[in-house]
Every structure is written in structure tokens, then in C-alpha cells.
Amino acid sequence: MTSSAESLPLDFLGYTLALSRPASAEDAHGRCGMGATWQWLDDGVLQFEPERVDAQTPSVLLSAGIHGDETAPIELLSQLVADIAVGRAMLACRLLVVLGNIGAMRAGRRYLDDDLNRLFGAARGSMTGSAEAPRAAALEVYAERFFSIASSEPHARWHFDMHTAIRASAFEQFALVPYTVAPPSRALFAWLADARIPCVLLHTERGVTYSSFTAGHCGATACTLELGKVEPFGHNDLARFANADAAVRRLVAGTAPDAQAPMPRVFTVIGQITKHSAAFEMHVAADVPNFTPFARGTLLANDGDYRYVVGHAEERIVFPNPDVKPGLRAGLLVVETSGATLASLA
Ligand SMILES: [Zn+2]
């Protein structure tokens, strides 16, 4: 146990994949460079506190591996943890780092029984037998505890849940902003611009994702980030993620975003394709890229009497997946709303 304990926090990923645990309460916390401290809370859950915390100090939750095979952001977070530990990365916030679905990460799979990112909040109710359900419940508790003592100043609470997508996309990187009653946040868009994220998808209904939970229940300025393609551990070209990684590090270091960065284009959800039964048929290519546009009148799917026909002049499809279980979403449809959204940021 001693050797693996030594690898925390310098090899958070290796430590987590090996299911190592601190041998004693003494081994579960320690000091970093520049006076910060770390504490191991659970498998894949590590919290940092900066040397000084006051009423303005931001609290930042960074998560990856909610889908176990989305390795690049997991590697980036593990590297950030190591850099904070030795004082190579600045820490000016409270920071909770979470590697989500460890069983699936170890198996090189997206999930074991069910998609962890559809199990947050009330959605979990009927799925308590799922391998992923206890983890979703635990991650909610860690987020609630972390933010329960966070500053309530505007934009002092952040959550970025980092993913890579299964399929190609017309925009290689994009952000999914969960629905909350408040209008979209200018601070969030400034950060997304700083990270050179070219595209933002706005949800219009409450979701069942991790970032939807932290936005709705913890008051976090939160989004899901899709940062590129799925590759196995060790096969990622991390340079492709450099802009997002640099913006994450600026946020954690308390550095203001680049005010000159171009704002992303914005797309708002206007509908979804639902799979009702095994008779479901989708009329788009199985590997169609995310954000592919379709013209008014195009039949995208049918299932018995149910049909999805494009009703706007142009709609773009996101996350098409005919293989989901009946009752679940088989694709989202969005329309561009850049002008109106960027004019209404609060
Ligand atoms: Zn994902």
C-alpha cells in the first residue's frame, strides 16, 4: 500500500485505476507546493484548498471520466493534479477533482450498466439496480458538500464536466449548457471564448446530467464540455486539448479570461427524437457528424405512428443514437440562436 500511497497526488489516474486507497487517515491528506493542501475523499475524488480562503474565493469542480472511455480529459485532470501538487500550477480556488465512472474506466468502456450521465437527480429513481446508480448518488453528495460552504458571490461556483465525443462533429469542440431559470451567464461565455470553444448548445429543459445537477442544485455556473474524439489511454494527442486545458488552468489560478477571444456560435435545443420501441427507425447515416444541418421537411425518424420531420428552415442534429433503450432520447435537434443569445447574456 505504501508505494501506491506515494503516487497520490502525483499519479491520481494510476492510483485511481489501481483502486488504491490511503492506508490510514494520515495518508489521506497532505501539503502541496505554495501552501495548498489536498485531501482524498473517495476513489477518484480529490479536494484541494488554497493557502488562504476568504468570502470571494471561488470553488471549482472539475470532472472527467463520467464516460469511462473518454480518456483525454481524464489524463489532463490527472496532470493538473500533479502540477498543483508540486506547485507548478497555481491554485487560487477551492478545487474538487472527480474521475467519474472508475469501473468503466478500468474496463475501457463508456459505462457498465447504464450511462452515468443520465442518472443525476430524480432520473435515478427507477434505476437503483444499475452499477452506476450508487456512484451518481455519491457524486451528488460530494458536490453538495463541496458547494455547501462555497462563496455565494456571483460566479464564485464553477463546474466543468469534461468529455470527448464518440462521433465526428461539424464543431470539433462544443459546450452543452444545462437549463436553469436564469439566462445564460456572460462569465461562462467569456470562459468558453477564452477556451476557444467555437460552439455552445443551450438546453431548454432540466436535464439528468452531472452539470445539470450542479447548476440546478448547487448554484454552479456549469456546463458539459465535448473536447474531441474518444481514444484509449496513452493514445491522445493532448495538444488538441491545449486551449481548454490552458483556460481551465487560468480559472484555477484566478487569471481573468482573454477579453479579445471571439464568442462561440450558439445553438438552442428545439426538439428531440425519441425511441419508443424496437420498431424505431432513424433515417440519418449511423455515423453522421454532430451539428449536421437538415432542411425543412426532412423525415429524420419514425416509430409506428411517431415521426420526426424537420419543421424549421434548418435544424442540426446532435448525438444521434438509434441504439439507446426504448423510452430514451435518440437525438437532439438544435437551431442557431447566436445573435439573440449573445445579446441576452446576464
Ligand atoms: Zn461523454
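In this text the structure is predicted, and so the values were computed from the model without any measurement.

Calculation criteria
Residues numbered from 1 in each chain as written. Predicted model: local features only at pLDDT ≥ 70, side-chain atom pairs only at ≥ 80, totals over all residues. Heavy atoms only, no water. UniProt positions renumbered as here; feature names shortened; annotations may be inferred. Helix = DSSP H or I, 4+ residues; strand = E, 2+ residues; numbered from the N terminus. Pairing = 2+ DSSP bridges. 1 Å grid on protein atoms, 1.4 Å probe; cavity = no way out; pocket = protein on both sides within 12 Å on 5 of 7 lines; lining within 4 Å. Points joined across faces, edges and corners; volume = space filled by probe spheres on them. Nonpolar A, V, L, I, M, F, W, Y, C, P; charged D, E, K, R; others polar. Domains from an automatic or database assignment. Expected span 1.5 Å × (residues − 1). Buried < 20%, exposed > 50% of the residue type's maximum accessible area, 1.4 Å probe, protein only. Contact = heavy atoms within 4.5 Å. Buried area = accessible area lost by both parts, 1.4 Å probe.

A. A look at the UniProt feature "domain: AstE/AspA barrel-sandwich hybrid" (unreviewed entry) in the protein chain. Those residues carrying the UniProt feature "domain: AstE/AspA barrel-sandwich hybrid" (unreviewed entry) are residues 265-336 in this numbering. Spanning residues 265-336, this segment combines 0% helix with 53% strand, and its end C-alpha atoms are found 8 Å apart.

B. Quick look at the sheet that holds strand β11 (residues 281-282). Spatially, β11-β13-β14 is the arrangement adopted by the 3 strands of the open sheet, whose pairing is antiparallel. Among the strands making up the open sheet, the edge pair consists of β11 and β14 (306-309). Two strands pair when backbone bridges link them, and strand β13 (residues 299-303) and β14 are joined in this way by 4 bridges, in the antiparallel orientation. Along β14, the bridge assignment pairs aspartate 303 with tyrosine 306.

C. Structural detail: empty space enclosed by the protein. Taken as a whole, this structure holds 1 cavity of 30 Å³ or more when the rule is applied. Counted as a void, the largest cavity has a volume near 40 Å³. Taken together, Leu76, Leu77, Leu80, Met162, Ala244, Asp245 and Val248 make up the full set of residues lining the largest cavity. Those elements that provide at least two residues to the lining of the largest cavity are α3 (71-85) and α8 (242-253). A breakdown of the residues in the lining of the largest cavity according to their chemical character gives 6 nonpolar, no polar and 1 charged.

D. Representation of the layout of surface pockets within the structure. In this model, the largest pocket occupies a volume close to 1300 Å³. For the largest pocket, the lining is made up of 46 residues, of which Arg110, Asp115, Arg118, Phe319 and Arg329 are closest to its centre. Sorting the residues of the lining of the largest pocket by element identifies β6 (157-165), α7 (210-217), β9 (221-229), β10 (265-274) and β16 (329-336) as the ones contributing at least two each. If you tally residues by element for the lining of the largest pocket, the top one is β10, at 4 residues. In terms of residue class, the lining of the largest pocket is built from 18 nonpolar, 15 polar and 13 charged. Taken domain by domain, the lining of the largest pocket gets at least three of its residues from each of domain 1 (2-253) and domain 2 (268-343). Along the walls of the second largest pocket sit 25 residues, with Thr180, Ala182, Pro183, Pro184 and Ser185 positioned nearest its centre. In terms of residue class, the lining of the second largest pocket is made up of 13 nonpolar, 10 polar and 2 charged.

E. Geometry of α8. Compared with an ideal rise of 1.5 Å per residue, which puts 12 residues at 16 Å, α8 spans 16 Å between its outermost C-alpha atoms and is within 8% of the ideal. Of all the residues in α8, the buried ones are Ala244, Asp245, Ala247, Val248, Leu251, Val252 and Ala253. Considering only its buried residues, α8 is in contact with β4 (59-64), α3, β5 (94-99), β6, α6 (186-194) and β9. Once α8 finishes, glycine 254 follows within two positions and takes phi at roughly 80°, a positive value.

F. Highlighting the domain arrangement of the protein chain. Considered domain by domain, the protein chain is made up of domain 1 (2-253) and domain 2 (268-343). In this structure, domain 1 and domain 2 have C-alpha centres spaced 28 Å apart. Contacts between domain 1 and domain 2 engage 19 residues on the former and 20 residues on the latter. Of the roughly 1500 Å² buried between domain 1 and domain 2 on both sides combined, carbon and sulfur atoms contribute 60%.

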